[in-house]
Amino acid sequence: DKSNEITAIPELLALLDLKGALVSIDALGCQKNIAAQIRADGGDYLLAVKDNQPTLYTDVEGCFLRAYEEEFAGVRHDTFMTRDVGHGRTEERLCTVIYQPSGLRTEAEWTDLQAIVQMIRTRQVGEKESEEVSYYISSSQAAAQVLAEGIRAHWSIENGQHWCLDV
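These numbers come from a predicted model, not from an experiment. Each chain has its residues counted from 1, running along the sequence as written. Given that this is a predicted model, residues contribute local features only at a pLDDT of at least 70 and side-chain atom pairs are listed and counted only at 80 or more, while totals for whole chains, interfaces and linings are drawn from all residues. Think of the side-chain values as coming from all heavy atoms in the structure, minus any hydrogens and water.

A word on the overall build of the protein chain. Counting its secondary structure elements, the protein chain contains 4 helices and 6 strands. For each residue, the accessible area found with a 1.4 Å probe, counting protein chains only, is set against the maximum for its type, and the residue is called buried under 20%, exposed over 50%, and partly exposed in between. Evaluated residue by residue, the protein chain yields a buried proportion of 39% over its 167 residues. Contacts: residue pairs with any heavy atoms within 4.5 Å of one another. Nonlocal contacts in the protein chain, meaning residues at least 24 apart in sequence, comprise 54% of its contacts between residues at least 6 apart. Per-residue and other accessible areas follow the Shrake-Rupley method at a 1.4 Å probe size, with only the shown protein chains counted as cover for residues. When the accessible area of the protein chain is evaluated, it comes to approximately 9800 Å², of which 51% is carbon and sulfur surface. Secondary structure elements are taken from DSSP: a helix is a run of H or I of four residues or more, a strand is a run of E of two residues or more, and numbering for both begins at the N terminus.

Laid out in structure tokens, this is it:
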């Protein structure tokens, strides 16, 4: 009653055993206190970054742009790619992780921030191609494959719930 996700998420997290868990939350839950709570309870966070955190978003995007321009010279990173074909479409997902990123002005405000993640999704349906780029922050230093699977699992749950609500 009279609540929203930002106030409900900490209450839900308090009910869960987060030790060793990778907790993924969409951009609305990308809040400093939520990240701190997940770490305090023994979990790692994987939080989507969008315009609701404009400084962080700009800095994460800029960090990746600089890394690409310098061909990742001196940047500890990892990549993982998947390709799915079916239902008349091809979808590729390229996950790139930068560990211990530099140049994030608000880094100290995010408890144990260890990595930033870029997910590029390219979708081909017939002759039409589309691309979507999304960013994440994480307290985990896991391989790109692990973080990519966490992102994919998050969106499969999200999409499944929307499908159920729609039906």
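Text resumes after the structure shown.
Compared with an ideal rise of 1.5 Å per residue, which puts 16 residues at 22 Å, helix H3 (residues 54-69) spans 22 Å between its outermost C-alpha atoms and is within 8% of the ideal. Buried-residue contacts for H3 involve strand S2 (44-49), strand S4 (89-99), strand S5 (115-125) and strand S6 (128-138). Following H3 by one or two positions, Glu71 has its phi on the positive side, about 55 degrees. Multiplying one less than the number of residues by 1.5 Å gives the expected span of a helix.

Here the focus is the pattern of salt bridges. The term salt bridge refers to a pairing of a side-chain nitrogen on Lys or Arg with a carboxyl oxygen on Asp or Glu at a separation within 4 Å. In this structure the tally under the stated criterion is 9 salt bridges. Overlapping salt bridges, with partners in common, bring together Asp84, Glu91, Arg93 and Arg152 in one network.

Moving on: the pairing of strand S1 (residues 22-25). Here is the key point about a regular strand: its side chains alternate between the two faces of the sheet. Because side chains alternate across S1, one face comprises the buried residues Val23 and Ile25, and the other comprises Leu22 and Ser24, none of which is buried. In terms of strand pairing, S1 meets S2 through 4 bridges, oriented parallel. Across the sheet, the residue bridging to Val23 is Tyr45, located in S2. Crossover S1 to S2 through helix H2 (residues 32-40) is right-handed. DSSP calls a pair of strands paired once it identifies at least 2 bridges connecting them. If you view a crossover with the strands going away from you and the path from the first strand over the helix to the second runs clockwise, you call it right-handed.

Among the nonpolar cores identified, the biggest contains 26 residues, and Ile38, Tyr45, Leu47, Val60, Trp110, Ile116 and Ile137 are the most heavily contacted of them. Within the residue set of this core, elements represented by two or more residues are helix H1 (5-15), S1, H2, S2, H3 and S6. A per-element tally of this core places H3 first, with 6 residues. One finds Val97, Met119, Leu147 and Ala148 within the second-largest nonpolar core, a separate group that totals 14 residues. We call a set of buried Ala, Val, Leu, Ile, Met, Phe, Trp, Tyr and Cys residues a nonpolar core when their side-chain atoms join them within 4.5 Å.

Lines fitted to C-alpha atoms define the axes here, with helix axes fitted over just the stretch in contact, and angles between the N-to-C directions of these axes take values from 0 to 180 degrees. At a closest axis distance of 10 Å, the pairing of H1 and H2 adopts a crossing angle of 5 degrees. Accordingly, the angle class assigned to the pair H1 and H2 is roughly parallel. In this structure, H1 uses Ile6, Ile9, Pro10, Leu13 and Ala14 to contact H2, whose residues at the interface are Asn33, Ile34, Gln37 and Ile38. For this classification, Asp, Glu, Lys and Arg are treated as charged, while Ala, Val, Leu, Ile, Met, Phe, Trp, Tyr, Cys and Pro are nonpolar and the rest, including Gly, are polar. Looking at the contact of H1 with H2 residue by residue, the class counts come to 7 nonpolar, 2 polar and no charged. Our angle categories are set so that under 35 degrees counts as roughly parallel, over 145 as roughly antiparallel, 65 to 115 as roughly perpendicular, and the remainder as oblique.

For sheets, the rule is that strands pair by backbone hydrogen bonds, running either parallel or antiparallel. With mixed pairing, 6 strands are arranged side by side in an open sheet as S1-S2-S6-S5-S4-S3. Looking at which strands have only one partner, the edges of the open sheet turn out to be S1 and strand S3 (77-86). Put simply, the sheet's adjacent strands are angled 20 degrees from each other on average, direction ignored. Judged from the 11 bridges that link them, S5 and S6 form a sheet pairing that is antiparallel. Among the inter-strand pairings, Ala115 is bridged to a residue of S6, identified as Ser138.

One non-glycine residue, Phe72, lies in the positive phi region at around 60 degrees. Along the chain, Phe72 turns up in the loop between H3 and S3. Phi angles above zero are rare outside glycine, and Gln100 is one such case at about 45 degrees. Examined against the element boundaries, Gln100 turns out to sit in the loop between S4 and S5.

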